[in-house]
Amino acid sequence: MRNGKKLLILEAPVSVGSPTRGTEDAYSALVSDGLPGVMGDAAVFSPYDGERSAKETLHDERLRHLETVMTVCRENYRRTAKALSDGYIPLTLGGDHSLAMSSVAAVSEKYGADGVAVIYIDAHADINTEATSPSGMIHGMPLAAAMGLCTERLTVGKRRVNLYGKNTYIVGAHSIDEGEWGIIEEQGVHLYTADEVKRRGIDEVINEVIRATEGMHVHLSFDVDSIRGDEFPATGYALKDSLPLSDVVYALGAVWDDVPVVSLDVVEYNPRRDPAGACRDILFDIFSIFKR
Ligand SMILES: [Mn+2]
């Protein structure tokens with residue numbers, strides 16, 4: 001608990017922004033397996049109360065299942081904004097990573113796009129637009145949507161631009177689409193690839209990010225596929241070139257301890273791919289970081 005603030009853990013059940021079903025059950029699986037006991041006094045839990053999103057609404061191959069994704073995103077935006085105004089640190093528990101556009105929108109409306117930085121720990125850059133995306137999967141677009149680079153149909157909240165590239169720090173990406181490289185460069189996004197982290201060491205990289213975000217309100221967005229697939233297989237894309245678990249744990253802990261994080265996402269955990277609960281236990285350890 002920091003400055004007397006508790007986390008408000010928000011269920012955000014959407015998976016159709018990705019090709020894999022199952023992440024929509026992450027909240028209910030983790031809660032029934034004991035996450036509230038792990039968090040103790042540090043967190044309050046808030047199940048989703050909007051329209052459920054299991055249905056697939058594929059109308060446009062460039063924006064797959066847009067309506068379903070946006071229904072959950074609009075609801076999560078509303079709930080994140082309320083959590084912030086009620087004095088909580090909201091934690092959006094996905095669900096797939098399309099949700100980040102909604103949590104970032106709420107944070108940006110409260111603090112202003114100029115005052116918000118995003119630290120984005122992910123195997124992917126998630127900065128495609130509907131024009132550059134090879135798949136049309138919206139979980140690959142949330143950063144571009146938050147920057148106002150996508151169609152207005154991906155706008156959540158009151159404003160089109162909620163984030164600037166110069167305030168965006170992607171850590172651990174290694175699966176980056178061709179069209180994303182140009183966007184990263186044009187927008188001035190700070191990209192620390194998995195290769196760079198392995199070369200320089202996670203401590204040096206994350207300390208550089210922490211120093212660079214000084215004075216900003218930070219949203220921390222964590223995709224479990226940033227962890228090496230052999231260590232954390234319970235996700236849509238378990239990738240061997242992702243970061244070692246120990247690096248990711250170090251990065252999350254360093255950011256949490258040294259940065260005034262105002263909001264978080266934890267996304268892409270798929271309990272259907274975790275029959276023995278090994279990844280659940282890793283997540284419980286990671287959530288324990290956010291108790292301190
Ligand atoms: Mn992601």
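Heads up: the structure comes first, above all this text.
Read on for an overview of the structure. Keep in mind the model is a prediction, meaning the values are calculated, not measured.

### Notes on the overall build of the protein chain
Helix and strand counts for the protein chain stand at 10 helices and 8 strands. Taken along the three principal axes of its C-alpha coordinates, the protein chain extends 45 × 45 × 40 Å. With 292 residues in all, the protein chain has 54% of them scored as buried. Long-range contacts, defined as pairs at least 24 residues apart, comprise 74% of the intrachain contacts of the protein chain with a sequence gap of at least 6.

### Structural notes on helix H8 (residues 202–212)
Here H8 has its buried residues at Ile202, Val205, Ile206 and Val209. Around the axis of H8, the buried residues are gathered within 90° of arc, so they sit on the same side. Turned more than 90 degrees away from the buried face of H8, the exposed residues are Glu204 and Arg211.

### A closer look at the nonpolar core
Note that soluble globular proteins tend to have their nonpolar side chains buried in a common cluster. Counting residues in each nonpolar core, the largest one holds 96 residues, and the members touching the most others are Leu91, Met101, Ile119, Ala144, Ile170 and Val171. The greatest single-element share of this core, amounting to 9 residues, is contributed by helix H3 (residues 66–85). Other than its neighbours up to four places away in sequence, Leu91 contacts Leu7, Leu8, Ile9, Leu10, Leu264 and Val266.

### Observations regarding unusual backbone geometry
Look at the link from Gly94 to Gly95: it is a cis peptide, with omega at 15°. Inspection of the secondary structure puts Gly95 in the loop between strand S3 (89–94) and helix H4 (100–111). The phi angle at His65 is positive, at roughly 55°, despite the residue not being glycine. Tracing the sequence through the fold places His65 in the loop between strand S2 (43–46) and H3.

### Observations regarding the sheet that holds strand S8 (residues 261–267)
As summarised here, the arrangement of the 8 strands in space is S2-S1-S3-S8-S7-S4-S5-S6, forming an open sheet in which the pairing is parallel. Both edges of this open sheet fall to S2 and strand S6 (190–193), since each of them pairs with a single strand only. Geometrically, the sheet is characterised by an average inter-axis angle of 15° between neighbouring strands, direction not taken into account. Bridge count between strand S1 (residues 7–12) and S3: 6 bridges; the pairing is parallel. Within S3, the residue paired with Ile9 across the bridge is Leu91.

### Section: the packing of H8 against helix H9 (residues 245–258)
Interhelical geometry of H8 versus H9 gives an angle of 30° and a closest axis separation of 10 Å. In terms of orientation, H8 and H9 fall into the roughly parallel class. Handedness of the H8/H9 crossing: right-handed. Together, Ile202, Asp203, Ile206 and Ile210 of H8 and Asp247, Tyr250, Ala251, Ala254, Val255 and Asp258 of H9 make up the contact between the two elements.

### A word on the environment of Asn76
Checked against the element boundaries, Asn76 lands in helix H3. A residue is classified by how many C-beta atoms lie within 10 Å of it, and Asn76, with 31 of them, is buried. Measuring from C-alpha to C-alpha, the distance between Asn76 and Val156 comes to 9.7 Å, with 80 residues separating the pair along the chain. Filtering out sequence-adjacent residues up to four positions away, Asn76 remains in contact with Leu10, Ala12, Thr92, Leu99, Ser102 and Ser103.

### Overview of H4
The end-to-end C-alpha distance of H4 is 16 Å, a good match for the 16 Å that 12 residues give at a rise of 1.5 Å each. In terms of burial, H4 is largely enclosed, as 9 of its 12 residues are buried. Of all the residues in H4, the buried ones are Ala100, Met101, Ser102, Ser103, Val104, Ala105, Ala106, Val107 and Ser108. Looking at the buried side of H4, the elements it contacts are H3, S3, strand S4 (116–121), helix H5 (142–146), strand S7 (217–223) and S8. Where H4 ends, the next residue or the one after it, Gly112, has phi of about 85°, a positive value.

So, how was this worked out
Residues numbered from 1 in each chain as written. Predicted model: local features only at pLDDT ≥ 70, side-chain atom pairs only at ≥ 80, totals over all residues. Helix = DSSP H or I, 4+ residues; strand = E, 2+ residues; numbered from the N terminus. Buried ≥ 20, exposed ≤ 12 C-beta atoms within 10 Å, placed from the backbone. Contact = placed C-beta atoms within 7 Å. Arc of directions from axis to C-beta. Core = buried A, V, L, I, M, F, W, Y, C linked by C-beta atoms within 7 Å. Pairing = 2+ DSSP bridges. Axes fitted to C-alpha atoms, helices over the stretch in contact; angles between N-to-C directions. Parallel < 35°, antiparallel > 145°, perpendicular 65-115°, else oblique. Left-handed = near helix turned anticlockwise from the far one by under 90°. Expected span 1.5 Å × (residues − 1).

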